[in-house]
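The residues making up each chain are set out below.
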Amino acid sequence: MSIAARLQGVHHVGVTVGDMEKSFQFYTEVLGGVPIITGNGFKGPEIHNALLSKEEAEHYSIPNLRDGTDELDVRFIQFDNVVIELLNYHSARKEGEHINTFPTQQSNPSPAVVNNMHISFYVKDDVDLEQFAADLEKKSHELGLDQVKCNKINANGSRVFEVAQEGNPFDGWHLIYCKGPNGEQLEFNKVVRNSKKVFAEGLSKKQQP
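Residue positions are counted from 1 within each chain, in the order its sequence is given. Side-chain atom pairs in this predicted model are given and counted only at pLDDT of 80 or more, local residue features only at pLDDT of at least 70, and totals for whole chains, interfaces and linings cover all residues. Note that the side-chain values use all heavy atoms of the structure and ignore hydrogens as well as water.

Peer 1: Give me the side chain of Asp171: which residues, what numbers.
Peer 2: Mapped onto the secondary structure, Asp171 falls in the loop between strand S7 (161–162) and strand S8 (173–179). Of note is the side chain of Asp171, whose polar atom sits 3.0 Å from the backbone nitrogen of Gln165. By the convention used here, residues are in contact when the closest approach between their heavy atoms is within 4.5 Å. Those residues in contact with Asp171 that sit more than four places away from it in its chain are Val163, Ala164, Gln165, Glu166, Val192, Arg193, Asn194 and Ser195. By the criteria applied, helices consist of DSSP H or I runs no shorter than four residues and strands consist of E runs no shorter than two, each listed in order from the N terminus. A 3.5 Å cut-off defines polar contacts: any pair of N or O atoms within that distance qualifies, except that in protein one atom must be a possible hydrogen donor and the other a possible acceptor, and neighbouring residues in sequence count only when both atoms are side-chain atoms.

Structure below.
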């Protein structure tokens, strides 16, 4: 049996965060995800070896889950068609003590940097994306998540990039790029007209026996 035949799609996307509380608040209270599973204090040789490669340890400073000096907390959050996992590596602490998050290695959050990834959320067809962007920033800032900001694409302050070219497979593709509360790269897509048709055809082709 082929590798592809043994898969049933993407299960979740993981985001390593610096502030679990604020990140959890953003993905649940602002974006409306539903909490599924919480796990705190993962540590020990097996989880260390499973997540952190020997080669990484030789070249970078990495968390020490092996002897329990550091720990891992996770939160799984359900959206309509995908699960987001938040991961926070931090020094071991007793109940009630302050969490010292493991420091970032990558100081450049640009999506153009190799190995930097982004999460795209699928916006409904009838949504006004400019209003969506304004509401997203307003709600986030009300919660103190001031780093949540959408990119402006022109001098008029528009935040929405759109492909409007009949015959182009991307016709009807709309996007907003936005930084999340940890500086993670987020995208919000509205996919209509020709681009919606192209993606539907791709899904149909993939689902054929």
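Peer 1: Just give me the short version of the pairing of strand S4 (residues 83–91), but keep the residues and values in it.
Peer 2: Taken residue by residue, a regular strand's side chains alternate between the two faces of the sheet. For S4, the tally of buried residues reaches nine of nine residues, placing the bulk of the element in the interior. Bridge count for strand S1 (residues 12–16) against S4 is five bridges, and the pairing is parallel. Residue pairing in the sheet places Thr16 in a bridge with Leu87 of S4. Strand pairing is defined by DSSP finding a minimum of two bridges between the two strands. Pairing of strand S3 (residues 70–78) with S4 involves nine bridges; the strand directions are antiparallel. Each residue is placed in one exposure class: buried if its accessible area under a 1.4 Å probe, protein chains only, is under 20% of its type's maximum, exposed if it is over 50%, and partly exposed if it falls in between.

Peer 1: Mind laying out the nonpolar core, listing which residues take part and the relevant values?
Peer 2: If you look at the biggest cluster of nonpolar residues, it comprises 25 residues, and the most contacted ones within it are Phe26, Tyr27, Leu31, Leu86, Phe121, Leu136 and Phe188. Of all the elements in the fold, those that place two or more residues in this core are helix H1 (20–30), S4, strand S5 (118–122), helix H4 (129–142), S8 and strand S9 (185–191). Looking at which element gives the most residues to this core, the answer is H1, with four residues. Not counting chain neighbours up to four residues away, the residues in contact with Leu86 comprise Val15, Val17, Met20, Ser23, Phe24, Tyr27, Asp73, Val74, Arg75 and Ile77. Take the buried Ala, Val, Leu, Ile, Met, Phe, Trp, Tyr and Cys residues and link them wherever side-chain atoms come within 4.5 Å; each set so joined is a nonpolar core. Within the second largest apolar cluster, nine residues are counted, among which are Leu65, Leu72, Val83 and Leu87.

Peer 1: So what about the environment of His174? Which residues, and what values?
Peer 2: Inspection of the secondary structure assignment puts His174 in strand S8. Residue His174 is classed as buried on the basis of its relative accessible area of 7%. Expressed as a C-alpha distance, the spacing of His174 and Phe188, which sit 14 residues apart in the sequence, is 8.2 Å. When near neighbours in sequence (up to four residues on either side) are disregarded, His174 contacts Leu129, Val160, Phe161, Glu162, Phe188, Asn189, Lys190, Val192 and Arg193.

Peer 1: Please set out the packing of H1 against H4 residue by residue, giving values where relevant.
Peer 2: For any two helices packed against each other, the geometry comes down to the angle between their axes and how far apart the axes lie. Axis definition: a line fit to C-alpha positions, over the contact stretch in the case of helices; interaxial angles, taken between N-to-C directions, run 0 to 180 degrees. Direction vectors running N to C along H1 and H4 enclose 135 degrees, while the axes themselves pass 11 Å from each other. Relative to H4, the element H1 lies oblique. Our pair here, H1 against H4, has a crossing hand that is right-handed. Between H1 and H4, the contacting residues are Phe26, Glu29 and Val30 on the first element and Leu136, Lys139 and Ser140 on the second. Across the contact of H1 with H4, the residue classes tally to three nonpolar, one polar and two charged. Throughout, the term roughly parallel applies to angles under 35 degrees, roughly antiparallel to angles over 145, roughly perpendicular to angles from 65 to 115, and oblique to all others. Left-handed describes a crossing in which the near helix is turned anticlockwise from the far one by less than a right angle; the clockwise case is right-handed. In this classification, Asp, Glu, Lys and Arg are treated as charged, Ala, Val, Leu, Ile, Met, Phe, Trp, Tyr, Cys and Pro as nonpolar, and every other residue, Gly included, as polar.

Peer 1: Can you lay out the packing of aromatic side chains for me, pointing to particular residues and giving the numbers?
Peer 2: Here the distance between the centres and the angle between the planes together describe a pair of aromatic rings. For this analysis, a ring pair means two rings from Phe, Tyr or Trp (six-membered ring only for Trp) whose centres lie within 6.5 Å, classed as stacked if their planes differ by under 30 degrees, edge-to-face if by over 60, and tilted for the remaining angles. Within the structure shown, the criterion is met by seven aromatic pairs. Between Tyr27 and Phe121, the ring centres sit 6.5 Å apart and the planes meet at 35 degrees, which makes this aromatic pair tilted. Pair noted here: Tyr27 is in helix H1 and Phe121 is in strand S5, with a separation of 94 residues, a long-range link. Of the two residues, Tyr27 and Phe121, both sit in the buried class. Relative to Phe188, the ring of Phe121 has its centre 5.4 Å away and its plane inclined at 20 degrees; by these criteria the two rings are stacked. With Phe121 in strand S5 and Phe188 in strand S9, this pair connects stretches of sequence that are 67 residues apart.

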